[in-house]
Amino acid sequence: MNDPRARRIAVVADSLLEPLLEELGSADFGIIQLPPAGLDAETTAAWLEQTAEHVAEFRRNDYEIVLVDDGLHTVELEQALARLGVPPLPQYAIQPPSTSRLTPET
Amino acid sequence: MSEDAPKRVAFIAHCLLNQNSKVEGGAKRPGMWEPVIDLLRERGYAIRQMPCPELAFGGARRFWGVREQFDTPVYRQHCRKLAKLVAAVIAQHAAAGDDIVLIGVDSSPTMGIDFTPSAPHWSGKPDIVEDDSTLIRGDGIFVEELKAELAERGLPEPRSTGIRHWFADYDPDEELQRLGALLR
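Counting of residues starts from 1 at the beginning of each chain's written sequence and follows it residue by residue. Key to labels: chains lettered from A, ligands numbered from 1, both in the order written. The predicted nature of this model means local features are confined to residues of pLDDT at least 70 and side-chain atom pairs, given and counted, to a pLDDT of 80 or more, with totals for whole chains, interfaces and linings taken over all residues.

### Focus on the overall build of chain A
- Elements are defined by DSSP. Helices are runs of H or I of four residues or more, strands are runs of E of two residues or more, and each kind is numbered from the N terminus. Within chain A, the regular secondary structure consists of three helices and three strands.
- Reading chain A from its N end, one meets helices and strands in the order β-α-β-α-β-α.
- Residues are defined as contacting one another if the C-beta atoms placed from their backbone atoms lie within 7 Å. Put simply, of all contacts in chain A between residues at least 6 apart along the chain, 60% involve residues at least 24 apart.

This is the structure in structure tokens:
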């Protein structure tokens, strides 16, 4: 059966989802969205726990996973991953704007 | 969450933003299901991705399944645990007066909204060559648990629909029209 999944996943901070959605989509990333700011501590911790479970399962099956982080949940996510034996995720390098946009028209 | 003016918020099935969470053979796109994502952005909806109960429970290498296989007390407890998280976020949006919609996947035993797959005879050795399940009317297991959780919290059910990209007679135009009506 044909399955076109790219087997690459970006774990993305809520604040960065909208601005980076197009870029990540163009690079064939599937996305796991981190919880938004402003939730109570218990809900946030439980949400990060289930996120870590998703990540651990993908890592166990050799999917590429990167983190697109704004620092909001960094420590808590690393702790949740560590509890499952998963090391911190590599950071996604946000792509700079195309230099062609910086070239003045002649 | 901010105290800004009411927003438009779409709670979507995990796989619509992450096709990797589908069962093997079930992905339609490399990363995400763009027709829905593009429409949500076009209509100004913030995206709230829900967890994938099947991935968390059965893993990335789980077999395809139907409602009768998943409808167990333990799987419902698992779904309810995740539904409580989603309901907590919905509650905050509801309190802010936000417009909330729910988008599931109508070929899923877990995330179905209007349809869910059924095959009472599926069991045992996983060697079914042809998918002879049928789509029956009703919610998936997680959606049932989410609606029950919302009811317990006194929260209204969001307007909802399901993506039907695995239907044999899938009609992208019909789906866009149905989604367009939902995202009013």
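Still more ground to cover, so stick around.
### A short note on the overall build of chain B
- A tally of regular secondary structure across chain B gives seven helices and six strands.
- Ordered by position from the N terminus, the helices and strands of chain B form the series β-α-α-β-α-α-α-β-β-β-α-β-α.
- In this setup the radius of gyration rests on C-alpha atoms only. A globule is expected at 2.2 Å times the number of residues raised to 0.38. In summary, chain B has a C-alpha radius of gyration of 16 Å against a globular reference of 16 Å for 184 residues, a match within 12%.
- With the C-alpha coordinates aligned to their principal axes, the bounding extent of chain B is approximately 55 × 35 × 25 Å.
- Taken across its 184 residues, chain B has 45% of its residues classed as buried.
- Restricting to contacts in chain B with at least 6 residues of sequence separation, those with at least 24 account for 74%. In this scheme every C-beta is placed from the backbone, and a residue whose C-beta has 20 or more other C-beta atoms within 10 Å is buried, one with 12 or fewer is exposed, and one in between is partly exposed.

### Focus: the interface of chain A and chain B
- Between chain A and chain B, the residue contacts involve 30 residues of the former and 28 residues of the latter.
- Of all the secondary-structure elements, those providing two or more residues to the side of chain A that touches chain B are helix 1 (14-26), strand 2 (30-33) and helix 2 (41-60) of chain A.
- The dominant element in the side of chain A that touches chain B, judged by the number of residues it contributes, is helix 2 of chain A, at eight residues.
- Note on residue classes: Ala, Val, Leu, Ile, Met, Phe, Trp, Tyr, Cys and Pro are nonpolar, Asp, Glu, Lys and Arg are charged, and everything else, Gly too, is polar. Looking at the side of chain A that touches chain B residue by residue, the classes come out as 16 nonpolar, eight polar and six charged.

### Concerning the packing of helix 2 (residues 34-42) of chain B against helix 7 (residues 172-182) of chain B
Residues and elements named next belong to chain B.
- To get an axis, a line is fitted to the C-alpha atoms, and for a helix only the part in contact is used. The angle between two axes follows their N-to-C directions and goes from 0 to 180 degrees. Orientation of helix 2 relative to helix 7, taken along the N-to-C sense of each, is 30°, at an axis distance of 11 Å. Considered as vectors, helix 2 and helix 7 are oriented roughly parallel to each other. Relative to helix 7, helix 2 is oriented so that their crossing is right-handed. Of helix 7, the residues touching helix 2 (which contributes Pro35, Val36 and Leu39) are Pro172, Leu176 and Leu179.
- Here the contact of helix 2 with helix 7 is built from residues that sort into six nonpolar, no polar and no charged. Geometric relationships in this document are graded by angle, where less than 35 degrees denotes roughly parallel, more than 145 denotes roughly antiparallel, 65 to 115 denotes roughly perpendicular, and other angles denote oblique. Two helices cross in a left-handed way if the nearer one is turned anticlockwise from the farther one by less than a right angle. They cross in a right-handed way if the turn is clockwise.

### Notes on the sheet that holds strand 2 of chain A
Residues and elements named next belong to chain A.
- Two strands qualify as a pair provided that DSSP identifies no fewer than 2 bridges between them. One open sheet holds the three strands; their spatial order is 2-1-3, and the pairing between them is parallel. The sheet terminates laterally at strand 2 and strand 3 (64-68), the two strands that pair on one side only. The average undirected angle you get between the axes of adjacent strands in this sheet is 25°.
- Pairing analysis gives four bridges linking strand 1 (residues 8-12) to strand 2, with the strands arranged parallel. For Val12, the partnering residue across the bridge sits in strand 2 and is Gln33.
- Its contacts with the sheet put helix 1 on strand 1, strand 2 and strand 3, and the angle it makes with strand 1 is roughly 150°.

### Focus: the nonpolar core
- Formed by 69 residues in total, the largest nonpolar core has its most connected members in Val11 of chain A together with Ile12, Leu16 and Val86 of chain B.
- For this core, the element with the highest residue contribution is helix 5 (residues 73-95) of chain B, accounting for nine residues.
- Setting aside anything within four residues of it in sequence, one finds Val86 of chain B in contact with Phe11, Met50 and Leu146 of chain B. The nonpolar core criterion groups buried Ala, Val, Leu, Ile, Met, Phe, Trp, Tyr and Cys residues into a set whenever they are joined through C-beta atoms within 7 Å.

### Description of helix 6 (residues 141-152) of chain B
All names here are of chain B.
- One fewer than the residue count of a helix, multiplied by 1.5 Å, yields its expected span. Compared with an ideal rise of 1.5 Å per residue, which puts 12 residues at 16 Å, helix 6 spans 17 Å between its outermost C-alpha atoms and is within 8% of the ideal.
- Of the positions making up helix 6, those classed as buried are Ile141, Phe142, Val143, Glu145, Leu146, Glu149 and Leu150.
- Of the surrounding secondary structure, the elements contacted by the buried residues of helix 6 are helix 3 (53-58), helix 4 (67-70), helix 5 and strand 3 (99-105).
- A positive phi of about 75° marks Gly154, the residue just after helix 6.

### Some details on helix 1 of chain A
Residue and element names in this part refer to chain A.
- A rise of 1.5 Å per residue sets the reference length of helix 1, with its 13 residues, at 18 Å; its end C-alpha atoms lie 19 Å apart and thus fit the reference within 8%.
- Among the residues making up helix 1, those that are buried are Leu17, Leu20, Leu21, Leu24 and Gly25.
- One or two steps after helix 1, the chain reaches Asp28, where phi turns positive at roughly 65°.

### Thoughts on the packing of helix 2 of chain A against helix 5 of chain B
- Where helix 2 of chain A contacts helix 5 of chain B, the two axes come as close as 10 Å, and the packing angle between them is 130°. Accordingly, the angle class assigned to the pair helix 2 of chain A and helix 5 of chain B is oblique. Helix 2 of chain A and helix 5 of chain B meet at a crossing whose hand is left-handed. Every residue of helix 5 of chain B that contacts helix 2 of chain A at Thr43, Ala46, Trp47 and Gln50 of chain A is listed here: Leu82, Leu85 and Ala88 of chain B.

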